[in-house]
Amino acid sequence: MPRHSETSAHRSTGTASPYDVARWCAGNGWPVHPLAPGRKTPAANCQTCRDEPHSPQDCPCHSAGRWCHGFHAATTDPALLDAWWGRYPTLGVGVSCGPAGLVVLDIDAHSAEVPDRNRLLPGIPIHEGVNLAGLASGFDTLALLAALRGRCSPAADDSTLRVRTPSGGLHVWYRTPPEGPRYRSSVGSSPKVALAWQVDVRSTGGYIVTPTTRTSAGMYSPVGAARLPAALPDWLAGELQRTGHPVNHRPAQVPPPRPGPSLRPAHQRAHRLLEPLLDQVKDCAAAPEGTAFTEKLNRAAYTAGGLIASGHLTDSQARELLTVAADAARPHRSRHSLAVITSALSAGASRPLHFKGRP
């Protein structure tokens, strides 16, 4: 499809098809992956990958042209885009932010209890004299952070791509220099790495839903005239640095498609230990509530954190296993699940789990 057609389709938010959007993103150098029809979560893995958990980097599906493991399968290959969205035109579109060189601020407007003022902006004490009456969402905390730095809130930055979410939130897209630093993803409720309460960061290790994607809750709609990300402002880069978001490596532009060897004994034992805990999480799918879902997910993630700390699992392996289990049980609570996973992994990391004896 000609580039001008892709751009035209993107601007016409009522007519852009997922295929058009996927091609437009790939044309901008942003690797894309399918989302489940009508949802904001990745399309399901194949049955083998569901039944036999393994590292995304060791998955043979990628070299076979399948989309298993969510954003790990993201690509700019036109042939794969044709195969995926050509055969399944109702798939949504997600962008793998790290390989795309993107930092997206995901501003929430959820109804939630406001935490203590010293947890609103991690690392920044807010004087009792500052009137916080009316503060209720990520829009407010991001505006407060910007005001403290003498800047305008990114939510009002009309120079960059902004996308209104069906829940009333806002995605603010920025790009980083090709040779510049890369940043990790985070959730605004994390006690370890966060930018502001109810402001998530989507970058390395995360993905973002594209403009014009439709879910059962509504459409992700561009706001204003800008249709491309502006450069990440220096002051925001400084805040990401201050709050511990930089990562020490640049992500690969495309995950290497290679079949992997069988799991090492330590990894096998780690999976055997985690498997019943993950099964308990998945079993929560049988009922919409009353199953102690959060408690079970927290227990599984805490255990995974201990396995990571002892070198039996990698962080990406653990997050993949936990996310798949959580999404299988509560597909519409992905943000809550991510917060639970992130917090419990951090807590579990303080208690490494070591195996005794022979495998």
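Residues numbered from 1 in each chain as written. Predicted model: local features only at pLDDT ≥ 70, side-chain atom pairs only at ≥ 80, totals over all residues. Heavy atoms only, no water.

Time to look at the overall build of the protein chain. Of regular secondary structure, the protein chain possesses eleven helices and 13 strands. Taken across its 359 residues, the protein chain has 50% of its residues classed as buried. The contacts in the protein chain between residues at least 6 apart in sequence include a share of 72% that link residues at least 24 apart. (Helix = DSSP H or I, 4+ residues; strand = E, 2+ residues; numbered from the N terminus. Buried < 20%, exposed > 50% of the residue type's maximum accessible area, 1.4 Å probe, protein only. Contact = heavy atoms within 4.5 Å.)

In this approach a probe as big as a water molecule rolls over the atoms, and the regions it shows empty are the leftover space. This structure, assessed with the given rule, holds one cavity of 30 Å³ or more. If you add up the space inside the largest cavity, you get close to 90 Å³. In terms of lining, the largest cavity is formed by Asn45, Cys49, Arg50, Pro53, His54, His69, Leu278, Lys282, Glu320, Leu321 and Val324. Listing elements by their share of the lining of the largest cavity, those giving two or more residues are helix 3 (47-51), helix 8 (265-283) and helix 10 (315-329). (1 Å grid on protein atoms, 1.4 Å probe; cavity = no way out; pocket = protein on both sides within 12 Å on 5 of 7 lines; lining within 4 Å. Points joined across faces, edges and corners; volume = space filled by probe spheres on them.)

Another aspect to go through is the sheet that holds strand 2 (residues 92-96). Taken together, three strands build an open sheet; the order of strands is 1-2-8 and the sheet is antiparallel. Each end of this open sheet is capped by a strand with a single partner; those strands are strand 1 (32-35) and strand 8 (207-209). Looking at each pair of strands side by side, their axes are set apart by 35 degrees on average, direction ignored. In this structure, strand 2 lies alongside strand 8, joined through three bridges in antiparallel fashion. When the bridges of strand 8 are listed, Ser96 appears paired with Tyr207. Its contacts with the sheet put helix 4 (residues 78-87) on strand 1 and strand 2, and the angle it makes with strand 1 is roughly 15 degrees. (Pairing = 2+ DSSP bridges. Axes fitted to C-alpha atoms, helices over the stretch in contact; angles between N-to-C directions.)

Okay, helix 6 (residues 138-148) next. Those residues of helix 6 lying buried are Gly138, Thr141, Leu142, Leu144, Leu145 and Ala146. Elements in contact with the buried residues of helix 6: strand 3 (102-107), strand 7 (199-202) and helix 7 (234-242). Two residues or fewer past helix 6, Gly150 is found with a positive phi of approximately 70 degrees.

With that out of the way, let us pick up the pattern of salt bridges. According to the stated counting rule, one finds eight salt bridges in the structure shown. Note that Asp200 and Arg202 form a salt bridge whose closest N and O atoms lie 3.4 Å from each other. Here Arg202 falls in the buried class, since its relative accessible area comes to 13%. The partner of Asp315 in a salt bridge is Arg319, and the shortest N-O contact between them spans 2.9 Å. Linking Asp315 with Arg319, this pair stays in helix 10, spanning four residues, or about one helical turn. Using a relative accessible area of 38% as the deciding quantity, one classes Asp315 as partly exposed. If you follow the salt bridges from partner to partner, you end up with Asp106, Asp200 and Arg202 in one network. (Salt bridge = Lys/Arg side-chain N within 4 Å of Asp/Glu carboxyl O.)

Residues Cys25, Trp30, Val32, Trp85, Val95, Leu102 and Trp173 are the most contacted members of the largest nonpolar core, which totals 31 residues. If you list the elements that add at least two residues to this core, you get helix 2 (18-27), strand 1, helix 4, strand 2, helix 5 (97-100), strand 3 and strand 8. Ranked by the residues each element gives to this core, the list is headed by helix 2, at five residues. Other than its neighbours up to four places away in sequence, Leu102 contacts Trp30, Val95, Cys97, Trp173, Tyr174, Arg175, Arg202, Ser203 and Pro229. Residues Leu105, Ile126, Leu144 and Val201 belong to the second largest nonpolar core, which totals 29 residues. (Core = buried A, V, L, I, M, F, W, Y, C linked by side-chain atoms within 4.5 Å.)

For the rest of this paragraph, the subject is the environment of Ala196. Here Ala196 shows up in the loop between strand 6 (182-183) and strand 7. Through-space distance from the C-alpha of Ala196 to that of Pro122 is 6.5 Å; in sequence the pair is 74 residues apart. The contact partners of Ala196, leaving out residues within four places of it in the chain, are Leu120, Leu121, Pro122, Thr141 and Gly188.

Where helix 2 meets helix 4, the axes come as close as 9 Å, and the angle between the chain directions of the two elements is 165 degrees. Judged by the inter-axis angle, helix 2 sits roughly antiparallel to helix 4. In the crossing of helix 2 with helix 4, the sense of the turn from one axis to the other is right-handed. Packed against helix 2, whose contacting residues are Pro18, Tyr19, Ala22, Arg23 and Ala26, the element helix 4 presents Leu81, Asp82 and Trp85 at the interface. In terms of residue class, the contact of helix 2 with helix 4 is built from six nonpolar, no polar and two charged. (Parallel < 35°, antiparallel > 145°, perpendicular 65-115°, else oblique. Left-handed = near helix turned anticlockwise from the far one by under 90°. Nonpolar A, V, L, I, M, F, W, Y, C, P; charged D, E, K, R; others polar.)

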